[in-house]
Number of protein chains: 2
Amino acid sequence: MMAYVKEFADYPPEISQQQQDFAVGQLKNYALSVGFTVKPFAVQTDDGPKLPEGAVPAPITLYPSLFPKSCFEEALDIQQSYNTLYANITRDTAWLEDIVPQLAKIDDFVENLWNIHLQLKDGGYTQPLTLGLFRSDYMVHLDKTPGSKPQIRQVEFNTIASSFGGLSTRAAQIHRYLLTNNIYPSTSSSALSPDALAPSDAAAGLAHGLANGHKAYLSHTKPTMEDTCILFIVQPSERNIFDQQHIENELVNTHSIPVFRSTLATVLTQTHLTDTSVLIYTHPSTQRKYEVTLLYYRAGYAPTEYTSPADWTARLTLERSRAIKCPTVLLQLAGMKKVQQVLALPDSPHLQRFLPNADTERLRNTFALMYPLDSTPSGKEGQAIALNEATAKGYVLKPQREGGGNNIYRSDIPAFLKERPESEWGAYVLMQMIEPPAQRNTIVRMTAAKEGQGVVGVVETGGVICELGIYGTCLFSMAGQTAGAVQSNEVAGYLLRTKGDTSSEGGVAAGFGALDSVCLVGDDALGAGS
Amino acid sequence: MMAYVKEFADYPPEISQQQQDFAVGQLKNYALSVGFTVKPFAVQTDDGPKLPEGAVPAPITLYPSLFPKSCFEEALDIQQSYNTLYANITRDTAWLEDIVPQLAKIDDFVENLWNIHLQLKDGGYTQPLTLGLFRSDYMVHLDKTPGSKPQIRQVEFNTIASSFGGLSTRAAQIHRYLLTNNIYPSTSSSALSPDALAPSDAAAGLAHGLANGHKAYLSHTKPTMEDTCILFIVQPSERNIFDQQHIENELVNTHSIPVFRSTLATVLTQTHLTDTSVLIYTHPSTQRKYEVTLLYYRAGYAPTEYTSPADWTARLTLERSRAIKCPTVLLQLAGMKKVQQVLALPDSPHLQRFLPNADTERLRNTFALMYPLDSTPSGKEGQAIALNEATAKGYVLKPQREGGGNNIYRSDIPAFLKERPESEWGAYVLMQMIEPPAQRNTIVRMTAAKEGQGVVGVVETGGVICELGIYGTCLFSMAGQTAGAVQSNEVAGYLLRTKGDTSSEGGVAAGFGALDSVCLVGDDALGAGS
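What comes next concerns the included structure. (Residues numbered from 1 in each chain as written. Chains lettered and ligands numbered in written order. Predicted model: local features only at pLDDT ≥ 70, side-chain atom pairs only at ≥ 80, totals over all residues. Heavy atoms only, no water.)

### Examining the overall build of chain A
Counting secondary structure elements, chain A contains 17 helices and 23 strands. For 530 residues, the compact-globule estimate of 2.2 N^0.38 gives 24 Å, and chain A sits close to it at 23 Å. On the principal axes, the C-alpha backbone points of chain A span a range of 70 × 55 × 50 Å. The proportion of buried residues among the 530 residues of chain A is 60%. When contacts within chain A are restricted to residue pairs at least 6 apart in sequence, long-range pairs at least 24 apart make up 74% of them. Taking the average location of the 42 positive side-chain charges in chain A and that of its 54 negative ones, the two points are 2 Å from each other. (Helix = DSSP H or I, 4+ residues; strand = E, 2+ residues; numbered from the N terminus. Rg over C-alpha atoms; globule rule 2.2 N^0.38 Å. Buried < 20%, exposed > 50% of the residue type's maximum accessible area, 1.4 Å probe, protein only. Contact = heavy atoms within 4.5 Å. Lys, Arg positive; Asp, Glu negative; His and termini not counted. Charge placed at Lys NZ, Arg CZ, Asp CG, Glu CD.)

### Re the pairing of strand β19 (residues 439–448) of chain B
Residues and elements named next belong to chain B. Counting buried residues in β19 gives seven out of 10 residues, a clear majority hidden from the surface. Here strand β5 (residues 60–61) pairs with β19 via two bridges, running antiparallel. Note that in β19 the partner of T61 across the bridge is I443. Examined bridge by bridge, β19 and strand β20 (residues 455–477) share 10 bridges and lie antiparallel to one another. Bridge assignment links M446 to a residue of β20, and that residue is G457. (Pairing = 2+ DSSP bridges.)

### Section: the sheet that holds strand β17 (residues 408–409) of chain A
All names here are of chain A. One open sheet accounts for four strands, arranged β15-β18-β16-β17; its pairing is antiparallel. At either end of the open sheet lies a strand with only one pairing partner, and these are β15 (370–372) and β17. Looking at chain direction, strand β16 (residues 395–399) and strand β18 (residues 428–432) are connected through five bridges and run antiparallel. Bridging across to β18, L397 finds its partner in L430. Packed onto the sheet, helix α12 (residues 337–344) meets β15, β16 and β18 and runs at close to 110 degrees relative to β15. Helix α15 (residues 377–387) contacts β15, β16 and β18 of the sheet and is inclined by roughly 110 degrees relative to β15. (Axes fitted to C-alpha atoms, helices over the stretch in contact; angles between N-to-C directions.)

### A short note on the pairing of β16 of chain A
Residues and elements named next belong to chain A. Here β16 lies mainly inside the structure; five of its five residues are buried. Residue alternation in β16 divides its side chains into two sets, Y395, L397 and P399 and V396 and K398, and both sets are buried. Across two bridges, β16 lies against β17 in antiparallel orientation. Counterpart to L397 in the pairing with β17 is I408.

### Quick look at the relation of the copies chain A and chain B
Between the two copies, chain A and chain B, the superposition gives an RMSD of 0.0 Å; the rotation angle is 180 degrees and the shift along the axis is 0.0 Å. Taken together, the turn and the small shift mark the pair as related by a two-fold rotation axis. (Least-squares fit on C-alpha atoms with pLDDT ≥ 70 in both.)

### A few points about unusual backbone geometry
Residue P12 of chain A is reached from Y11 of chain A by a cis peptide bond, and omega for that bond is -15 degrees. Here P12 of chain A shows up in the segment before α1 (17–33). For the bond from C326 of chain B to P327 of chain B, the omega torsion is 5 degrees, close enough to zero to count as cis. Within the secondary structure, P327 of chain B sits in the loop between β14 (324–326) and α11 (329–334). Phi angles above zero are rare outside glycine, and N182 of chain B is one such case at about 55 degrees.

### With respect to helix α7 (residues 202–221) of chain B
Residues spaced three or four apart along an α-helix face the same direction, because each turn holds 3.6 residues. Residues and elements named next belong to chain B. For α7, spanning 20 residues, the distance from its first C-alpha to its last is 27 Å, which sits close to the expected 28 Å at 1.5 Å a residue. By the criterion of burial, α7 is predominantly enclosed, with 14 of the 20 residues buried. After α7 finishes, the residue K222 shows a positive phi value of roughly 65 degrees. (Expected span 1.5 Å × (residues − 1).)

What follows is the structure, encoded as structure tokens:
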């Protein structure tokens, strides 16, 4: 067996089939008892596809993956600066007006979002406050130079529908339970100890952020009705419903805030705007009316979700309302890859501009090199790297369009570009590859049974790589001076997601990610051993 | 519609099909998110019946049922006296020696349990401490006399495997969530308010009782090994596994006590006794060894569970061990209907004997009249009542044998007895019928789909009756003086179970019970309205 890690080469321990069966059985029962679940796969019925009764465990690793403690702490430490950065980008509509229209030309989806802003910018906005529930995603980058330390590199920064917070809290609980109850073989590596496992308070943290938004509406906007609620905008037939339910449960049980759900397709039949743009929600079952304080989007982030002009009308109507949006179209647009690329340009002045007094250098250290491929000087630099096989092999080509197709990797890039006219190159961003250290783990997941409605469990062991997400919540005002614009700014737990290392042979099926939690180790633990 | 209740005739409110569908959908998602679940029905596979992956909601009422507050509080108030009563009965082996052998003659199961005691009574017991996790079950009795107040009447007192504590905590949470989040129609009766809903801390309370037993072993018995654990004795292929899992989770996460499971069939291969009767458990997966501090039986209460002499050998071996038993065979036998009947005899001196300084009268008020049907003077009195149709109609005939067949009700009793020789009558107990007030509710449950492995949801509305269970935990010593013998004595939450009122037409299918929680009302609320 290839040694994936330098220290803790025995991690995770080799176990027999019987030991694995036992541990997986315990894991599943615990997962189901704490709602670490998703809906089973949809089945065909006479009324169309339908989600079956019940729930099955969400995919998860059997062991917490090793993660450098220094990287984990750095990611947590800089989250509030990232929150501020994206609040300030969103507030600077003049700056966005320089960036977004270029992209709107090549991306209908961006154009539609931007058009909503254009229709509202002259007096159409009625709510100065914006709520961000963010997730900054990183991989650990391990340079091949001897003696280099592992560092976090940002994969993307999510400004809409940052998911898995409800489940991530429970993923960490599952691993802690398995450790505390001695389910792991007693030969388990010394890496595994209670102190090395980090809990994630994402479910409570995200709910706290939403409750902050709700309370700000009550105190600043002043509701016109006695009954108020938070409205989740969700996708129809969502399998990941329990992830959202955990956030709802915190809001209802801990904060005593009613929570309801609607979709882009139904929201206009269930709500209306008053003359003063107050958003009134009429509950379709009880007919009780509520003033919506906060719209929390767990939908509307993918072009495919807008299936008709009516869906865009719904988005525009909601954006026009007095409810606080999490997020607004502007905050959603601030999460484009193009913004990430502009910030990451070598010698970019933008980071300093948006974060004059904060951790500019620490944030910059998390950036991977990114280039446009347009006719600007940086774009020409990017083109030169992309067209040369020797340099291209350290990069990935990403479409700028949201939902715009697959990434092109390494030496495939030059040929891919040469097959296309240069006028289309501007639709891509060139990003330096992050080289995360691989390690071994076992992924437990459900798959649809071949016949009938059931699901069957699958357990796969092999090389995996991890992606860390840090949640942050930020309530900020679009109006007034920058000083004081950010009204609350908090770190809200973490997510670890793990997937098969496609460069390794066999083992974990490609494309199937699993939730995970961190087992913190020193800087020297990871990286291929000899 | 017949008015079931005098006050709150609008409870629960009539709702449209659409309203019900919405509320049931919300209920199921919340239930699944907090582990208010059971395993789906077993399916046939090539390896025999198997429980499918995943979980489905346990059966539950849509609304909390109305329950007289005075009855609820009285049941909670007297639980500690009931705990003491059954501890003192169990301690008085001489008294049990008067009662049990009579029953052992007609009941193999009682005989087998009693034989274990006989084999151990002369020096075979190695652990003076016994733990009881009790549940005292009541119905509200409403006399037809005008002006009479509702009173609790005891149905039975459970001394082994008192179940549903883990789920009852969540049943109360579900109803509170539905109320807090305004899922019930806003026309809902004034009976429904946050203050009227009582939470149940049974999951934490039962775990606390088990942790008390574990700690007593550590401090009094002194373990010989460093690793210790609690061992649950469970049934194979248990569908109600999450009810147990919630108690295990509290023990592991809150009390940091490892918990493992075994069955009567497997326990002897996984454990052994040392020379000093210490029970050592070798984990079948990790091979790690633990000294068992406490055996918690969630199995072994039904005759059908002992499928071979080996199962009895297992029970004897465990009983001989130094582990604290929850319960011992003696405590299990103290829960026989016969003991309940002897205590309930008019002018019985036994209650006073076991509870000289406590709530004797309050406990006596909870007793339904019970008679033996043997040749004793009380037995002759019972026979006279049972053979007369006019008096028999207020009674139910219950087999004394555990798992010994169905109850015979009211006017069916005289003919049933006359068909049998008088020598067999002693195998039955005659118990006064409890006349609980009926009310309406809606029960949400899953049933096996006709084809395939799936389950389908069923929702039924109709007349229902409720049974209240109060959990108690009691750690006591079999040795020494009565004073000081009880080392801990606590109330541990409640269970409300609700089933179709078979005297009403249609509606809720007979035999299908559901979990429920209380909506507390005044003494005058219940009883048929005009």
